[in-house]
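One-letter residues, chain by chain:
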Amino acid sequence: MFQGASSLSLDAKGRLSVPTRHRDALTEQAGGQLTITKHPDGCLMVFPRPEWEKFRERIAQLPMSAQWWKRIFLGNAMDVEMDGTGRVLVSPELREAAGLTREAVLLGMGSHFELWDKATHDAKEAAAMQAGMPDVLKDFSF
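The structure presented is a predicted model; accordingly, all values stated were derived computationally and were not measured.

Quick look at the UniProt feature "domain: SpoVT-AbrB" (unreviewed entry) in the chain
(1) Moving on: Feature annotation in UniProt places "domain: SpoVT-AbrB" (unreviewed entry) on residues 5-51 and 77-120, given in this structure's numbering.
(2) Moving on: Across residues 5-51 one finds 30% helix and 40% strand; the C-alpha atoms that close the span lie 20 Å apart.
(3) Moving on: This span, residues 77-120, is 23% helix and 45% strand, and a straight line between its end C-alpha atoms measures 21 Å.

As structure tokens, this is what we get:
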């Protein structure tokens, strides 16, 4: 289970360094092989390859009415591998889709990560906090 937020910087080639605390798990779980694709909220999803394969199978089963969503998730998926220093190259197409420039935030979301442009993440998080909790969380005990 991946959790927590990490502030990252993409280098001039579009590479990011996977936080050290996640590298061993990603190497053990996926041999350093990851898949990155678009998320409908404007960020990128980063999956260890075994988790991607499960997600891909679920998406492939969607009916024809969801064909564009299949294209968004599967058609934009890029397989990548961590290099020896734990860096991953994010393609120019995916960086552009998520508005990634230099400063980024990597969020552990359980079985995968979300990769956000820092300014976009901060703005969306502030808007969510301002809007208050959704009804589904009103009875949740903290």
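Remarks on the sheet that holds strand β4 (residues 44-48)
(1) Moving on: Strand order in the open sheet formed by 6 strands is β1-β7-β8-β4-β3-β5, and the pairing between neighbours is antiparallel. Each edge of the open sheet carries a strand with a single partner, namely β1 (2-9) and β5 (78-81). Strand after strand, the sheet turns through a mean of 25° between neighbouring axes, direction not considered.
(2) Moving on: Here β1 pairs with strand β7 (residues 103-110) via 8 bridges, running antiparallel. Each bridged residue has a counterpart across the sheet, and for alanine 5 the counterpart in β7 is leucine 107.

Here we look at the pairing of β4
(1) Moving on: With 5 of 5 residues buried, β4 is to be regarded as a mostly interior element.
(2) Moving on: Burial along β4 is two-sided: Leu44, Val46 and Pro48 facing one way and Met45 and Phe47 facing the other are all buried.
(3) Moving on: The pairing of strand β3 (residues 33-38) with β4 spans 5 bridges and is classified as antiparallel. Across the sheet, threonine 37 pairs through a bridge with methionine 45, a residue of β4.
(4) Moving on: Hairpin connection between β3 and β4: a loop of 5 residues separates the two successive antiparallel strands, and glycine 42 in this loop has a positive phi of roughly 100°.
(5) Moving on: Inspection of the sheet shows β4 paired to strand β8 (residues 113-117) by 3 bridges, in the antiparallel sense. Directly across from leucine 44, in β8, lies its bridge partner leucine 115.

Describing the packing of aromatic side chains
(1) Moving on: On inspection of all chains with the given rule, the structure shows 6 aromatic pairs.
(2) Moving on: Taken together, a centroid distance of 4.5 Å and an interplanar angle of 35° make the contact between phenylalanine 2 and phenylalanine 113 tilted. Residue phenylalanine 2 is found in strand β1, and its partner phenylalanine 113 is found in strand β8; the two are separated by 111 residues along the sequence. The pair phenylalanine 2 / phenylalanine 113 is uniform in exposure class, with both members buried.
(3) Moving on: Measuring from ring centre to ring centre gives 5.9 Å for tryptophan 69 and phenylalanine 73, while their planes differ by 35°; the resulting arrangement is tilted. Taken together, the residues span about one helical turn, with tryptophan 69 and phenylalanine 73 both in helix α3 (residues 67-75) at a distance of 4 residues.

A few points about the packing of helix α2 (residues 49-60) against α3
(1) Moving on: Between α2 and α3, the shortest axis-to-axis distance is 10 Å and the interhelical angle comes to 160°. By the angle between their directions, the pair α2 and α3 is classed as roughly antiparallel. Seen along the crossing, α2 lies across α3 with a hand that is left-handed. Contacts between α2 and α3 pair Trp52, Phe55, Arg56, Ile59 and Ala60 from the former with Lys70, Phe73 and Leu74 from the latter.
(2) Moving on: Class assignment for the residues of the contact of α2 with α3 results in 6 nonpolar, no polar and 2 charged.

Analysis parameters
- Residues numbered from 1 in each chain as written.
- Predicted model: local features only at pLDDT ≥ 70, side-chain atom pairs only at ≥ 80, totals over all residues.
- Heavy atoms only, no water.
- UniProt positions renumbered as here; feature names shortened; annotations may be inferred.
- Helix = DSSP H or I, 4+ residues; strand = E, 2+ residues; numbered from the N terminus.
- Pairing = 2+ DSSP bridges.
- Axes fitted to C-alpha atoms, helices over the stretch in contact; angles between N-to-C directions.
- Buried < 20%, exposed > 50% of the residue type's maximum accessible area, 1.4 Å probe, protein only.
- Phe/Tyr/Trp six-rings, centres within 6.5 Å; stacked < 30°, edge-to-face > 60°.
- Parallel < 35°, antiparallel > 145°, perpendicular 65-115°, else oblique.
- Left-handed = near helix turned anticlockwise from the far one by under 90°.
- Contact = heavy atoms within 4.5 Å.
- Nonpolar A, V, L, I, M, F, W, Y, C, P; charged D, E, K, R; others polar.

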